[in-house]
Amino acid sequence: MDSYWHAIHYLLTEDISSWEECQIPFIVARKEENNRLIINAVMGRTSIEGTKGSFKDFGPVKYFVPSETQQISEALLQISEKEFAKRYEEACVLNPDVYRTLWDEEVDDYWYIFQSISEYYRIAAEETRGMLFCLGCFYGVDFMWEMQE
């Protein structure tokens with residue numbers, strides 16, 4: 001998902017909280033106002049104690065159990081390309097400054113990422129797998145080694 005993680009989370013939940021602040025009490029729900037399906041597929045649900053990383057990580061590690069993965073997979077498959085585009089258009093209008101640089105991307109880029117996430121969940125659910133979530137940054141200096149001459 002790269003830097004799209006927060007925007008994708010918003011498109012699926014309409015929630016703008018950060019990784020550490022996110023306390024979404026549901027896996028899949030419907031908004032009463034518009035009957036829109038909202039899906040907590042990006043942030044995870046349950047935190048694993050003691051997994052807050054260093055300054056380079058957004059920590060903590062979170063997870064879904066297999067039944068939650070199954071529920072999310074089924075919900076993601078219900079979102080059509082047309083529905084996804086509508087969510088994207090609304091997000092650009094309602095929150096133009098929240099993801100200022102990300103909204104410059106085309107909806108097709110987000111749709112591709114969404115499809116990748118949906119496929120990942122489909123495979124995990126098919127194999128009765130849970131899901132671990134870790135959000136962090138990659139710094140090349142963390143992986144330095146000496147070259148052999």
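Cut-offs and rules
- Residues numbered from 1 in each chain as written.
- Predicted model: local features only at pLDDT ≥ 70, side-chain atom pairs only at ≥ 80, totals over all residues.
- Heavy atoms only, no water.
- Axes fitted to C-alpha atoms, helices over the stretch in contact; angles between N-to-C directions.
- Helix = DSSP H or I, 4+ residues; strand = E, 2+ residues; numbered from the N terminus.
- Parallel < 35°, antiparallel > 145°, perpendicular 65-115°, else oblique.
- Contact = heavy atoms within 4.5 Å.
- Nonpolar A, V, L, I, M, F, W, Y, C, P; charged D, E, K, R; others polar.
- Core = buried A, V, L, I, M, F, W, Y, C linked by side-chain atoms within 4.5 Å.
- Buried < 20%, exposed > 50% of the residue type's maximum accessible area, 1.4 Å probe, protein only.
- Pairing = 2+ DSSP bridges.
- Phe/Tyr/Trp six-rings, centres within 6.5 Å; stacked < 30°, edge-to-face > 60°.
- Salt bridge = Lys/Arg side-chain N within 4 Å of Asp/Glu carboxyl O.

### A few points about the packing of helix H1 (residues 5–13) against helix H4 (residues 107–126)
Line of reasoning, step 1. The contact between H1 and H4 brings their axes to 11 Å, and the two run at 80°. In this view, H1 runs roughly perpendicular relative to H4, as classed from their interaxial angle. Residues Ala7, Ile8, Leu11 and Leu12 of H1 form the contact with H4, whose own contacting residues are Tyr110, Ile113, Phe114 and Ile117.
Line of reasoning, step 2. Split by residue class, the contact of H1 with H4 holds eight nonpolar, no polar and no charged.

### A few points about the nonpolar core
Line of reasoning, step 1. Grouped together as the largest cluster of nonpolar side chains are 30 residues, with contacts concentrated most on Ile8, Leu76 and Tyr121.
Line of reasoning, step 2. Those elements that place two or more of their residues in this core are H1, strand S2 (37–39), helix H2 (66–76), helix H3 (81–94), H4 and strand S5 (131–133).
Line of reasoning, step 3. Looking at this core element by element, the count peaks at seven residues for H4.

### What to know about the sheet that holds S5
Line of reasoning, step 1. Taken in spatial order, the three strands line up as S3-S4-S5 in an open sheet, and their pairing is antiparallel. Two strands lie at the open edges of the sheet, namely strand S3 (46–47) and S5, each paired on one side alone.
Line of reasoning, step 2. Where H2 meets the sheet, it contacts strand S4 (62–64) and S5, and its direction lies at approximately 75° from that of S4.

### Brief notes about the packing of aromatic side chains
Line of reasoning, step 1. This model, assessed by the stated rule, comprises five aromatic pairs.
Line of reasoning, step 2. Look at Phe84 and Trp111: their rings are 5.5 Å apart centre to centre, the planes differ by 55°, and that puts the pair in the tilted class. Residue Phe84 is located in helix H3, and its partner Trp111 is located in helix H4; the two are separated by 27 residues in the primary sequence. Here the two residues Phe84 and Trp111 agree in accessibility, since each one is buried.
Line of reasoning, step 3. Each member of the aromatic cluster is reached from another via a ring pair, and the members are Phe84, Trp111 and Phe114.

### Some remarks on the pattern of salt bridges
Line of reasoning, step 1. Using the criterion set out here, one finds ten salt bridges in the structure.
Line of reasoning, step 2. For the salt bridge of Glu119 with Arg122, the shortest nitrogen-to-oxygen distance reads 2.6 Å. With a gap of three residues between them, Glu119 and Arg122 both fall in helix H4, about one helical turn apart.
Line of reasoning, step 3. Residue Arg122 pairs with Glu126 through a salt bridge whose shortest N-O separation is 2.9 Å. Taken as a pair, Arg122 and Glu126 lie in helix H4 at a separation of four residues, close to a single helical turn.
Line of reasoning, step 4. Note on Arg122: relative accessible area 29%, which makes it partly exposed.

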